[in-house]
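# Chain and residue survey
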Amino acid sequence: MNVELKDIRSEEIREMGKKSTSGIDRSKGGNVRGVSQKEIDKKRGELGHQDYGAVTTEIIQAQYAQVGIDLTRDEATDIRKTEYHYTDYSGEHMREARLKYERGEPLTISEKNYLEDYRICEEYCKVAPRFKPSGTETEIYRGINRANTPESQRYYDRLLTLRPGDSWNNDNRPTSYTTNIGTAGTFAKRGNIIVHTPVNKLKNSISIRALSQQTREDEVLVADYKWKIARISDERSKPDGFYHIYLK
């Protein structure tokens, strides 16, 4: 995409009541493209994992129309492409651009475009049918490893200081989870963190398996930010090999 963002100060993304270029109004209750989130939630429905390609441009247009939002074919195509690219290396670029923006640092044209793409992902999470689990899925999972950069190591170390009752907000950004704990373990690598999130509390979280380059990852894109830590189970020294954080 070649979208120029307005010159907006970094704190604006954190203030409720500000409206991003994606069309999300973050004031109390909020709306998307002029339609209240409350009305959207009444009409959006639910959808489980689909095979790759099942969510077409026309389906995305229909999803928006279902909640009262008219979307052009070009806009729907942009959403489909953005979700697809989120599932490759572009997702990391989107997150890095968002972090840089939040720190108040100047963005390159490319980074501004990645930031706009990330906002498109967030908007889609608020409009598309919510993730519908199968009969056996009660949790979704996120694997987190300590990685190699100083920033990621500081983040990881901070997670280890959290205790039951502490808040968990997914850093107020759309975040990838999976319905497959084995996939989460592969991402985390033994000795690291697996986050467990109950599916019955998901609100703005959607399956993107049908849009993903990596369908085997059974990905759920989560834009739900208000959680508490229910319990922690440190199994790193046991055969299980992971540090488990359970949310509620």
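Everything below is about the structure printed above this text.
Here's a quick rundown of the structure. (Residues numbered from 1 in each chain as written. Predicted model: local features only at pLDDT ≥ 70, side-chain atom pairs only at ≥ 80, totals over all residues. Heavy atoms only, no water.)

## Focus on the pattern of salt bridges
- Taken as a whole and judged by the stated rule, the model has 20 salt bridges.
- Notably, a salt bridge pairs Glu-123 with Arg-33, separated by 3.1 Å at the nearest N-O pair. Of this pair, Glu-123 sits in helix H5 (residues 109-127) while Arg-33 sits in the loop between strand E2 (31-32) and strand E3 (35-36), placing them 90 residues apart in sequence.
- Note on Glu-123: relative accessible area 2%, which makes it buried.
- Among the residues examined, Arg-33 registers a relative accessible area of 33% and is labelled partly exposed.
- Across the pair Arg-103 and Glu-151 runs a salt bridge, and its minimum N-O distance is 3.2 Å. Linking Arg-103 in the loop between helix H4 (90-102) and H5 with Glu-151 in helix H6 (residues 150-159), this pair joins segments that are 48 residues apart in sequence.
- We classify Arg-103 as partly exposed; its relative accessible area is 45%.
- One salt-bridge network, held together by shared partners, links Arg-98, Glu-102, Arg-158, Asp-171 and Arg-173. (Salt bridge = Lys/Arg side-chain N within 4 Å of Asp/Glu carboxyl O. Helix = DSSP H or I, 4+ residues; strand = E, 2+ residues; numbered from the N terminus. Buried < 20%, exposed > 50% of the residue type's maximum accessible area, 1.4 Å probe, protein only.)

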